[in-house]
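Commentary on secondary and tertiary structure
So you can see what is in the structure, the chains are spelled out below.
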Amino acid sequence: MLMARQCQNCGGSLADKRSDAKFCSDVCRVGDHREKVGRAEAIPSGYEIDKLMRDALIGSNDLNPQDEHDPAKVREAFSEMCRKFAKRFA
């Protein structure tokens, strides 16, 4: 007797999927991965950084381009850039 294969995330049917499929959709596959890595939803930042500010922070070497989505690192980079500006022009 054959057992019906089920999605590892939602338990849905895998009847129309490849024989080695583990998930019924991309949504389930990504959702399962996010649960495993501990990030189910995007982290709300409460701020917006536009292209000009991003370029200024990166150009001043206060922000690493890889850290532009980390609110704490962006705040620190902005504070450091402001301190440098104030020191230079005050």
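Right, let's walk through the structure included here. This structure is a prediction, so every number in the text was calculated from the model and none was measured.

1. Observations concerning the overall build of the chain
Helix and strand content of the chain: 3 helices and 0 strands. For the chain, the α and β elements follow one another from N to C terminus as α-α-α. For the chain, the share of sequence-separated contacts (at least 6 apart) that also reach a separation of at least 24 residues comes to 15%.

2. Some thoughts on the packing of helix α2 (residues 51–59) against helix α3 (residues 71–89)
A pair of packed helices is captured by two measures, namely the crossing angle of their axes and the spacing between those axes. The N-to-C vectors of α2 and α3 enclose an angle of 70 degrees; their axes lie 10 Å apart at closest approach. Classified by the angle their axes make, α2 and α3 are roughly perpendicular. On α3, the residues touching Met53, Ala56 and Leu57 of α2 are Val74, Ala77, Phe78 and Met81. Residues of the contact of α2 with α3, tallied by class, amount to 7 nonpolar, no polar and no charged.

3. Let's talk about the nonpolar core
Listed in full, the 5 residues of the largest apolar core are Leu57, Leu63, Val74, Ala77 and Met81. Here this core takes 3 residues from α3, the largest share from any one element. Among all residues touching methionine 81, those that are not within four sequence positions of it are Met53, Ala56, Leu57, Ser60 and Asp62.

4. Some remarks on the pattern of salt bridges
Here the structure, examined in full by the defined rule, presents 10 salt bridges. Residues aspartate 26 and arginine 29 are paired through a salt bridge, measuring 3.5 Å at the closest nitrogen-oxygen approach. Taken together, the residues span about one helical turn, with aspartate 26 and arginine 29 both in helix α1 (residues 26–37) at a distance of 3 residues. Take aspartate 26: its relative accessible area is 53%, and that puts it in the exposed class. A salt bridge links aspartate 55 to arginine 54; the nearest nitrogen and oxygen atoms lie 3.2 Å apart. Classification of aspartate 55 as partly exposed rests on a relative accessible area of 32%. Sharing partners across several salt bridges, the network here consists of Lys51, Arg54, Asp55 and Glu68.

5. Some words on the packing of aromatic side chains
What describes a pair of aromatic rings is the distance from one ring centre to the other and the angle between the planes of the rings. The full count for this structure, using the stated rule, is 1 aromatic pair. Ring plane angle 45 degrees and centroid distance 4.8 Å describe the contact between phenylalanine 85 and phenylalanine 89, whose orientation is recorded as tilted. Within this pair, phenylalanine 85 and its partner phenylalanine 89 are both found in helix α3, separated by 4 residues, close to a single helical turn. When its relative accessible area of 55% is taken as the criterion, phenylalanine 85 is described as exposed.

About the cut-offs
- Residues numbered from 1 in each chain as written.
- Predicted model: local features only at pLDDT ≥ 70, side-chain atom pairs only at ≥ 80, totals over all residues.
- Heavy atoms only, no water.
- Helix = DSSP H or I, 4+ residues; strand = E, 2+ residues; numbered from the N terminus.
- Contact = heavy atoms within 4.5 Å.
- Axes fitted to C-alpha atoms, helices over the stretch in contact; angles between N-to-C directions.
- Parallel < 35°, antiparallel > 145°, perpendicular 65-115°, else oblique.
- Nonpolar A, V, L, I, M, F, W, Y, C, P; charged D, E, K, R; others polar.
- Core = buried A, V, L, I, M, F, W, Y, C linked by side-chain atoms within 4.5 Å.
- Buried < 20%, exposed > 50% of the residue type's maximum accessible area, 1.4 Å probe, protein only.
- Salt bridge = Lys/Arg side-chain N within 4 Å of Asp/Glu carboxyl O.
- Phe/Tyr/Trp six-rings, centres within 6.5 Å; stacked < 30°, edge-to-face > 60°.

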